[in-house]
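Summary of the model geometry
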Amino acid sequence: MSAVVFCLAVPFTASALEVRIVGVADAELAATLEGGSLLFEQAQSEEPVAPEEIVATAQADYRRLLAVLYDNGYFGPQIEIKLDGREAADILAVSPPSRVADAVITINPGRRFRFGVTEVAPLTAGTVLPEGFGAGETAGISVVQSAARAGIDGWRAAGHAKATVTDQQITARHQSATLDARLRINPGPRLRFGPLRVDGASAVRRDRIIEIAGLPEGQTYSPKELQDAAARLRRTGTFRSVALIEDEEVGPDGTLPVTARVADNKPRRFGFGGELATIEGLTLSGFWLHRNFFGGAESLRVDAEVGGIGGDTGGIDYVLRARYGRPATFNEDTNFFATTEFEQLDQSNFFSRQFSVGAGIERFASDERRYTLGVGLRRAKTRDFFGEDNYTLFLVPASVTFDYRDNDLDARNGYYADARLTPFLALSGTDSGLLTELDIRGYRSFGEVRPTTLALRAQLGSVAGPSLEDAPADFLFYSGGGGTVRGHEFESLGVRVGPGEDDIVGGRAFLGLSAELRIRTSGALGFVGFVDAGYIGREDFLDGSGEWQTGAGVGIRYATPIGPLRVDLAVPTSGETDGQDFQLYFGIGHSF
């Protein structure tokens, strides 16, 4: 049977260069070689390429293609690169041809090598070598390099920071097409962390940098501790760059000094945002942030928001809040925060004006998991169908946040969960109870060229304790609008009250469900189809006696560095429509 020769041709009129690979029977290998060739990349250029540049690229391709072949187990290849019939290696750079139209890469890869003897020694307990590093597996240089890294990483994780490969014997046996790989590792001594030094002109006090990093001086060296210390410094937002550098020389008594090299972010930052909906109107928001308020990486952030501008949801809403945060207050992973907030909500179904203060701690269990616990005092005046109330509450809010999204601005895979429990003790005006809120989101993407993302969201809310008539009006839940069910008026679904049930108030139970199918094009444009559903109930649990509403629609997304620009068109599919056929939503960022 004759061999099948795989041939690729990519003509591009802009550079007038046609590139082909011939002699490779394996289509997968040919595609890999194409991806590693600079000539193929050059042929795709939209700008004309000078002949001398093509010659230089072809001469560099010998080494690149050889590396690709070695990495795929071919250790006896023959490579020819001819430019209009001339061997590229023989063309002098000082006298290139006046024009190059055709590049033919001829490769005879030879036999594919398999591993014979494979050995990395000594290894620490628990070290796992790469799966492909074993007798009979396809030999590749990158696999050997991965095995060496795995051996070194195993010793470093055990405290041997200076572990290194001291000898390697790589033998290619062409007669049997096998590759023997023997690596010797010198673990070096087991070390302990020495003092953390600080390098760089930072406005943050050095003692605070050391305190925030939390590097355990005197304890056994650990790469993970080093990574965690750098992550704590980055998490403050105060530093533009952070690098923890191990000293080359071991210190006295088996210690390893480490240097923190930091560069500050600009201390002050401000930003703004906006969202427009046909019913809710325009919402404008802005913030001001100081990243190093007292010289210890403390942050002070002030947020302001005005909503309901030009909308049909009542009057104008105002929010003004400030938050102070101090990292590494109780230990390196626990921060202190204090908050104050003034808010006025003038909605169609209720009015609320409240002022609150609070303080608490924020615990970072990892980069993905965060816990908070606080205390607060809230004074509010509310008005709804049941009348006007003035109440004072003592709050003990607690939250748990898991964020395993690959990108918080434009997630494609992963999940997010936020659970909040707020027990409240009524000092006046209402009864004591418990406010529960849960927000769960999941993301899964399919495809690579034009990836499609399935995004799901579930929201759950409950107010236990006070009756519907006595509950704080601004603790109750509504459905409808951009944050719950698109296509319906903002907060259009609640609990029907009054003699003819013509009025509504918020419910003590809420369930919101949303699904989006996000389709991306090869450029910055994307398209979305979505469905939303919302449930509101009178009781504090989902007993099925409440009402549902649903909506559906389509949208457009345009990717920007600050998140996708969003335009959604939604229509109600069940529930009260209030005479509206559709609603439009504009904003920055996905709806969830």
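Bear in mind that the values here come from a model prediction, so they are computed numbers and not experimental data.

Reading guide: rules and limits
- Residues numbered from 1 in each chain as written.
- Predicted model: local features only at pLDDT ≥ 70, side-chain atom pairs only at ≥ 80, totals over all residues.
- Heavy atoms only, no water.
- Helix = DSSP H or I, 4+ residues; strand = E, 2+ residues; numbered from the N terminus.
- Rg over C-alpha atoms; globule rule 2.2 N^0.38 Å.
- Buried < 20%, exposed > 50% of the residue type's maximum accessible area, 1.4 Å probe, protein only.
- Contact = heavy atoms within 4.5 Å.
- Pairing = 2+ DSSP bridges.
- Axes fitted to C-alpha atoms, helices over the stretch in contact; angles between N-to-C directions.
- Core = buried A, V, L, I, M, F, W, Y, C linked by side-chain atoms within 4.5 Å.
- pLDDT = per-residue confidence, 0-100.
- Salt bridge = Lys/Arg side-chain N within 4 Å of Asp/Glu carboxyl O.
- Expected span 1.5 Å × (residues − 1).
- Parallel < 35°, antiparallel > 145°, perpendicular 65-115°, else oblique.
- Left-handed = near helix turned anticlockwise from the far one by under 90°.
- Nonpolar A, V, L, I, M, F, W, Y, C, P; charged D, E, K, R; others polar.

1. Points about the overall build of the chain
For the chain, the count of helices and strands is 6 helices and 30 strands. Computed over the C-alpha atoms, the radius of gyration of the chain is 32 Å, more than 25% above the 25 Å expected from 2.2 N^0.38 for a compact globule of 592 residues. With the principal axes as the frame, the chain shows a C-alpha extent of 95 × 65 × 45 Å. When the 592 residues of the chain are sorted by exposure, 45% land in the buried category. Taking contacts inside the chain between residues at least 6 apart in sequence as the whole, the part at least 24 apart equals 57%.

2. Some details on the sheet that holds strand 10 (residues 239–246)
Strands sit in the order 9-11-10 across an open sheet of 3 strands; the sheet is mixed. The sheet is open, and its two edges are formed by strand 9 (192–199) and strand 10, each paired on a single side. On average, adjacent strands in this sheet sit at an angle of 20 degrees to one another, irrespective of strand direction. Here 7 bridges tie strand 10 to strand 11 (residues 255–264), and the two strands are oriented antiparallel to one another. Bridge pairing in strand 11 places Ser241 opposite Ala263.

3. Here's the deal with unusual backbone geometry
Among all residues save glycine, negative phi is the norm, and among peptide bonds the norm is trans. With omega at -5 degrees, the peptide bond leading from Ala121 into Pro122 counts as cis. Among the structural elements, Pro122 can be located in the loop between strand 6 (114–121) and helix 4 (141–157). One non-glycine residue with positive phi stands out, namely Asp253, at about 60 degrees. Looking at the element boundaries, Asp253 is found in the loop between strand 10 and strand 11. Within the chain, Ala297 stands out as a residue other than glycine whose phi angle is a positive 65 degrees. If you trace the backbone, Ala297 turns up in the loop between strand 13 (281–290) and strand 14 (299–309).

4. Topic: the sheet that holds strand 6
Across the sheet, which stays open at both edges, the 3 strands sit in the order 6-8-7 with mixed pairing between neighbours. Of all strands in the sheet, those with a lone pairing partner are strand 6 and strand 7 (164–173), marking the two edges. Shown here is a sheet whose adjacent strand axes are inclined to one another by a mean of 10 degrees, direction ignored. Bridge analysis of strand 7 against strand 8 (residues 178–186) gives 9 bridges, and the strand direction is antiparallel. Paired with Ile170 across the bridge in strand 8 is Ala181.

5. Structural notes on the nonpolar core
Among the nonpolar cores identified, the biggest contains 28 residues, and Val19, Leu33, Leu39, Ile81, Leu83, Ile105 and Ile107 are the most heavily contacted of them. Looking at this core, the elements that each hand over two or more residues are strand 2 (17–24), helix 1 (27–36), helix 2 (38–43), helix 3 (51–71), strand 3 (78–83) and strand 5 (102–108). Setting aside chain neighbours within four positions, we find Leu83 in contact with Ile54, Val55, Ala58, Ala88, Ile91, Val100, Asp102 and Ala103.

6. Remarks on the environment of Ala570
With respect to the element layout, Ala570 can be found in strand 29 (residues 565–574). Along the chain, Ala570 and Gly553 lie 17 residues apart, while their C-alpha atoms are 4.1 Å from each other. Contact partners of Ala570, with chain neighbours within four places excluded, come to Arg486, Gly487, Phe530, Ala552, Gly553, Phe582, Gln583 and Tyr585.

7. Focus on the confidence of the model for the chain
Predicted coordinates in areas of low pLDDT are best not read in detail. Residue-level pLDDT values for the chain average 91, and 97% of them are 70 or greater. Confidence, read as mean pLDDT per element, is least for strand 1 (residues 6–12) in the chain (40) and greatest for strand 20 (residues 398–403) (98). Note that pLDDT drops below 50 for residues 1–14; the model gives that stretch 37 contacts with residues more than four away or on any other chain.

8. Quick notes on the pattern of salt bridges
A side chain of one charge can pair with a side chain of the opposite charge if their charged atoms are brought near each other. Applying the stated criterion across every chain yields a total of 35 salt bridges. As a salt-bridge pair, Lys224 and Asp228 come within 2.9 Å of each other at their nearest N and O atoms. Here Asp228 and Lys224 lie together in helix 6 (residues 223–235), a separation of 4 residues that amounts to about one turn. Residue Asp228 is classed as partly exposed on the basis of its relative accessible area of 26%. For Arg321, the salt bridge is made with Glu341, and the minimal N-O distance between the two is 2.9 Å. Of the two residues, Arg321 is situated in strand 15 (residues 317–331) and Glu341 in strand 16 (residues 334–346); the sequence distance between them amounts to 20 residues. By relative accessible area, which is 35% here, Arg321 ends up partly exposed. The exposure class assigned to Glu341 is buried, which follows from its relative accessible area of 18%. Here the salt bridges share partners, and the residues they tie into one network are Glu275, Arg486, Glu516, Arg518, Asp532, Arg557, Arg566 and Asp568.

9. Considerations on helix 4
Here helix 4 contains 17 residues, and its C-alpha end-to-end distance of 24 Å stays within 8% of the 24 Å for a straight helix at 1.5 Å per residue. Along helix 4, the positions that sit buried rather than exposed are Val143, Val144, Ala147, Ala148, Ala150, Gly151, Ile152, Gly154, Trp155 and Arg156. Each element contacted by the buried residues of helix 4 is listed here: strand 6, strand 7, strand 8, helix 6 and strand 10. Phi turns positive, to about 100 degrees, at Gly159, one or two residues after helix 4.

10. Some words on the packing of helix 1 against helix 3
Look at helix 1 against helix 3: their axes get within 9 Å of each other, and the N-to-C directions meet at 140 degrees. One way to sum up the angle between helix 1 and helix 3 is to call them oblique. Judged by the sense of rotation from one axis to the other, the crossing of helix 1 with helix 3 is right-handed. The segment helix 1 lies against helix 3, with Leu29, Thr32, Leu33 and Gly36 engaging Asp61, Arg64, Leu65, Val68 and Leu69. Its residues assigned to classes, the contact of helix 1 with helix 3 comprises 5 nonpolar, 2 polar and 2 charged.

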